[in-house]
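Observations on the three-dimensional arrangement
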Amino acid sequence: MRRLNALSLGLAAALAMAAPAHADTRFLSYNASDRITQALTKGVTLEVRRGLFGAVQVERLFSTTARGTAGFTRGGPDAARRVLPDGATESDIYSVDQDGDGRGLARALCPGADEVWLIMSRVRAPRPLTMQAVGRWSDGAYRHCVTLSYDWRGEWATAPASPAITN
């Protein structure tokens, strides 16, 4: 029995040390698949962190066609999920960080909202992606703003470079 416990502890220690080595960052790119999405974002690249057991967390969004990035913080109020349109199956919720270009993204998706969340379908290559933008207004009401639909484009080895600035 002691040998089994020692073996279990050894295996647990090996897994704990290996966890950082197996977590990785990926850059998954998507093209807008409908007119509404194209009008708002054209295409996006998501910086995702994949954990040891395959769980994916979206950390940042890069505009594929223009300069701009927005950071995300995982989590949000359940009230944001309750205002999704009938039939929406997205459940991974991310708050759009209000620093840098995140403020512009939030305003473009939900004009007039004080806070904005993106509720996403499961991010998996090479599958399509759906994002639901939900905002909270100064009166405390949560409202669905827009559904964004994307088709898989590809995976990048590094973050996309900003377009060259021309004078």
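Residues numbered from 1 in each chain as written. Predicted model: local features only at pLDDT ≥ 70, side-chain atom pairs only at ≥ 80, totals over all residues. Heavy atoms only, no water.

Digging into the overall build of the chain
Here is the rule: Strands here are runs of E lasting at least two residues and helices are runs of H or I lasting at least four, both read from the DSSP assignment and numbered beginning at the N terminus. Think of it in three bands: residues with accessible area under 20% of the maximum for their type are buried, residues over 50% are exposed, and the middle band is partly exposed, with areas taken using a 1.4 Å probe on protein chains only. The Shrake-Rupley method, run with a 1.4 Å probe sphere, supplies the accessible areas, and residue values consider only the shown protein chains as cover.
Counting its regular elements, the chain contains 4 helices and 8 strands. Moving toward the C terminus, one meets the helices and strands of the chain in the order α-β-α-β-β-β-α-β-α-β-β-β. Split into buried and exposed, the 167 residues of the chain put 32% on the buried side. Accessible surface, the chain as shown: approximately 9900 Å² in total, 52% of it carbon and sulfur.

Some remarks on the environment of tyrosine 30
With respect to the helices and strands, tyrosine 30 occurs in strand β1 (residues 24-32). When its relative accessible area of 0% is taken as the criterion, tyrosine 30 is described as buried. The spatial distance from the C-alpha of tyrosine 30 to the C-alpha of arginine 127 is 9.5 Å, given a sequence separation of 97 residues.

Observations regarding the pairing of strand β6 (residues 115-120)
The following threshold applies: Any two strands with at least two DSSP-identified bridges between them are counted as paired.
Within β6, 5 of the 6 residues are buried, which leaves it mostly tucked inside the rest of the structure. As paired elements, strand β5 (residues 92-96) and β6 share 4 bridges and run antiparallel to each other. Across the sheet, the residue bridging to aspartate 92 is methionine 120, located in β6. Alignment of β6 against strand β7 (residues 129-136), held across 6 bridges, turns out to be antiparallel. Opposite leucine 118, over in β7, you have alanine 133 as the bridge partner.

Some points on the sheet that holds strand β8 (residues 142-156)
Short version of the rule: Every axis corresponds to a line fitted to the C-alpha atoms, with the helix fit spanning only the stretch in contact, and the corresponding angles, defined between N-to-C directions, vary from 0 to 180 degrees.
Reading around the circumference, β1-β2-β3-β4-β5-β6-β7-β8 is the order of the 8 strands in this closed barrel, with antiparallel pairing throughout. Across this sheet, the average inter-strand angle for adjacent strands is 35°, counted without regard to direction.

Section: the nonpolar core
Basically, it comes down to this: What makes a nonpolar core is a set of buried Ala, Val, Leu, Ile, Met, Phe, Trp, Tyr and Cys residues whose side-chain atoms join them at distances within 4.5 Å. By definition in these notes, contact holds between two residues if any of their heavy atoms fall within 4.5 Å.
In this structure, Leu46, Val123 and Met131 are the most contacted members of the largest nonpolar core, which totals 27 residues. Contacts of methionine 131, omitting those with residues within four sequence positions, involve Val44, Leu46, Leu61, Leu118, Ile119, Met120, Val146, Thr147, Leu148 and Tyr150. Membership of the second largest hydrophobic core comes to 6 residues, among which are Leu84, Ile93, Trp117 and Val134.

Here we look at unusual backbone geometry
Omega for the peptide link from alanine 125 to proline 126 comes to -5°, which places this bond in the cis form. Here proline 126 shows up in the loop between β6 and β7. Despite not being glycine, lysine 42 shows a phi value in the positive range, around 55°. Structurally, lysine 42 is set in the loop between α2 (35-40) and β2 (43-50). By relative accessible area, which is 43% here, lysine 42 ends up partly exposed.

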